[in-house]
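# Architecture at a glance
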Amino acid sequence: MSQPANLVDHLRRVRLFAMDVDGVLTDGRLYFQADGVEIKAFHTQDGQGLKLLKRAGLHVAIITGRDSPMVSQRAAALGIPHVYQGCEDKLVTLRKLCQRLNLELDQVAYCGDDLPDLATIKRSGVGITVPNAPDYLHTHADWITERLGGHGAVREVCDALLDAQGHWGTVIDTYLHGRR
């Protein structure tokens, strides 16, 4: 897990990890069957990381511009209660969620991959993007993950948050000794 040195201090403050879906939780490609049904592929390691964050007491949210039953299904399977689809202004949605959770924006890590995520990346305590995002997003992010969106980038963020907040040893211990 390699991030800029001062990033660890910012990760310690995070109480909410919010993310986009297409290009972050997925590789950004949209799959449609002949009958028009949409299919998405999610990385299992990302899902495990999100479960670990929740177990450690962090809030997790999905904020996406598209509306997809697949996102609802995946969020339900992972126990993610904060799911916002069809969002035209993700920053407005994030601010409302922060109010509801009694958090400040500097307690948020947000990961996105395209222009609709830009303001949210800029205003969050830790703005994150993925290497397959456009270069102009890279210039505004605090951290660019090593892994691509849909290929473990979310897990990379989850592991870094758990490590920075001192939960990583407990996670490993839990799995070594089977006390899940």
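Scroll up a little and you will see the structure.
What comes next concerns the included structure. Just so it is clear, the model here is predicted, and its values are computed rather than measured. (Residues numbered from 1 in each chain as written. Predicted model: local features only at pLDDT ≥ 70, side-chain atom pairs only at ≥ 80, totals over all residues. Heavy atoms only, no water.)

### Here we look at the pairing of strand E1 (residues 16–19)
Stated precisely, the cut-off is as follows: Each residue gets one of three labels from its accessible area relative to the maximum for its type: buried under 20%, exposed over 50%, partly exposed in between, using a 1.4 Å probe on protein chains only. Secondary structure is summarised from DSSP: a helix means a run of H or I of at least four residues, a strand means a run of E of at least two, and numbering begins at the N terminus for each. Criterion used throughout: strands pair if DSSP finds at least two bridges between them.
Along E1, one buried face is formed by Leu16 and Ala18 and the opposite face, lined by Phe17 and Met19, is buried too. The pairing of E1 with strand E4 (residues 59–63) spans four bridges and is classified as parallel. Counterpart to Leu16 in the pairing with E4 is His59. The pairing of E1 with strand E6 (residues 108–111) spans four bridges and is parallel. Note on E6: the bridge partner recorded for Met19 is Cys111.

### Some points on the pattern of salt bridges
This is how the line gets drawn: Whenever Lys or Arg places a side-chain nitrogen within 4 Å of a carboxyl oxygen from Asp or Glu, that contact is recorded as a salt bridge.
Evaluated as defined, the whole model comprises ten salt bridges. Between Arg66 and Glu38 there is a salt bridge; the shortest N-O distance is 2.7 Å. With Arg66 in the loop between E4 and helix H3 (69–78) and Glu38 in strand E3 (residues 38–39), the pair connects residues that are 28 residues apart, well separated along the chain. For Arg66, a relative accessible area of 29% translates into the label partly exposed. Given the relative accessible area of 11%, Glu38 is considered buried. Close ionic contact of Asp117 with Lys90 constitutes a salt bridge, the shortest N to O distance being 2.7 Å. Separated by 27 residues along the polypeptide, Asp117 in the loop between E6 and helix H5 (118–123) and Lys90 in helix H4 (residues 90–101) bring together distant segments of the chain. Judged by its relative accessible area of 3%, Lys90 falls in the buried class. One continuous salt-bridge network, built from bridges that share partners, spans Asp22, Glu38, Lys40 and Arg66.

### Structural notes on the sheet that holds strand E8 (residues 143–144)
In plain terms, the rule: Two residues qualify as a contact provided that any one of their heavy atoms is within 4.5 Å of a heavy atom in the partner residue. Interaxial angles span 0 to 180 degrees and are taken between N-to-C directions of axes, which are lines fitted to C-alpha atoms, for helices over the stretch in contact.
The strand order across the open sheet built from six strands is E5-E4-E1-E6-E7-E8, with neighbouring strands paired in parallel fashion. Looking along the sheet, the strands with just one partner apiece sit at the ends: strand E5 (82–84) and E8. Across the sheet, helix H7 (residues 153–164) is in contact with E1, strand E7 (126–129) and E8; its angle to E1 comes to roughly 170°.

### Section: the environment of Ala133
Among the secondary structure elements, Ala133 is positioned in the loop between E7 and helix H6 (135–138). Take Ala133: its relative accessible area is 5%, and that puts it in the buried class.

### With respect to the packing of helix H2 (residues 44–55) against H7
Our working definition: An angle below 35 degrees is read as roughly parallel, one above 145 as roughly antiparallel, one from 65 to 115 as roughly perpendicular, and any other as oblique. Each crossing gets its handedness from the near helix: less than a right angle anticlockwise from the far helix is left-handed, clockwise is right-handed. Each residue gets one of three labels, nonpolar for Ala, Val, Leu, Ile, Met, Phe, Trp, Tyr, Cys and Pro, charged for Asp, Glu, Lys and Arg, and polar for the others, Gly among them.
Running from N to C, H2 and H7 cross one another at 30°; their axes reach a closest spacing of 7 Å. Taken together, the axes of H2 and H7 lie roughly parallel to each other. The two elements H2 and H7 cross, and the hand of that crossing is left-handed. Between H2, through Gln45, Asp46, Gln48, Gly49, Leu50, Leu52 and Leu53, and H7, the contact on the second element is made entirely by Ala153, Val154, Arg155, Cys158, Leu161 and Leu162. A per-class count over the contact of H2 with H7 returns eight nonpolar, three polar and two charged.

### Comments concerning the nonpolar core
Let me state the cut-off plainly: Only buried residues count toward a nonpolar core, which is a set of Ala, Val, Leu, Ile, Met, Phe, Trp, Tyr and Cys residues joined through side-chain atoms within 4.5 Å.
Counting 52 residues, the largest nonpolar core has Leu16, Phe17, Met19, Leu50 and Leu53 as its most contacted members. Each residue touching Phe17, except ones within four places of it in the same chain, is listed here: Leu50, Leu53, His59, Val60, Ala61, Ala109, Cys111, Val154, Val157, Cys158 and Leu161.

### Details of H3
Which entries qualify depends on this criterion: Along the arc lie the directions from the helix axis toward the C-beta atoms. Whenever two N or O atoms come within 3.5 Å, that pair is a polar contact, provided that in protein one can donate a hydrogen and the other can accept it, and provided that, for residues adjacent in sequence, both atoms are side-chain atoms.
Of all the residues in H3, the buried ones are Val71, Ala75 and Leu78. Angularly, the buried residues of H3 cover 65° about the axis, an arc narrow enough to put them on a single face. For H3, the exposed residues set more than 90 degrees away from the buried face come down to Pro69, Ala76 and Ala77. The inward-facing, buried residues of H3 abut H2, E4 and E5. Where H3 begins, one side-chain oxygen reaches toward the backbone nitrogen of Met70, 3.1 Å away; that side chain belongs to Ser68. The first or second residue beyond H3 is Gly79, which carries a positive phi of 75°.

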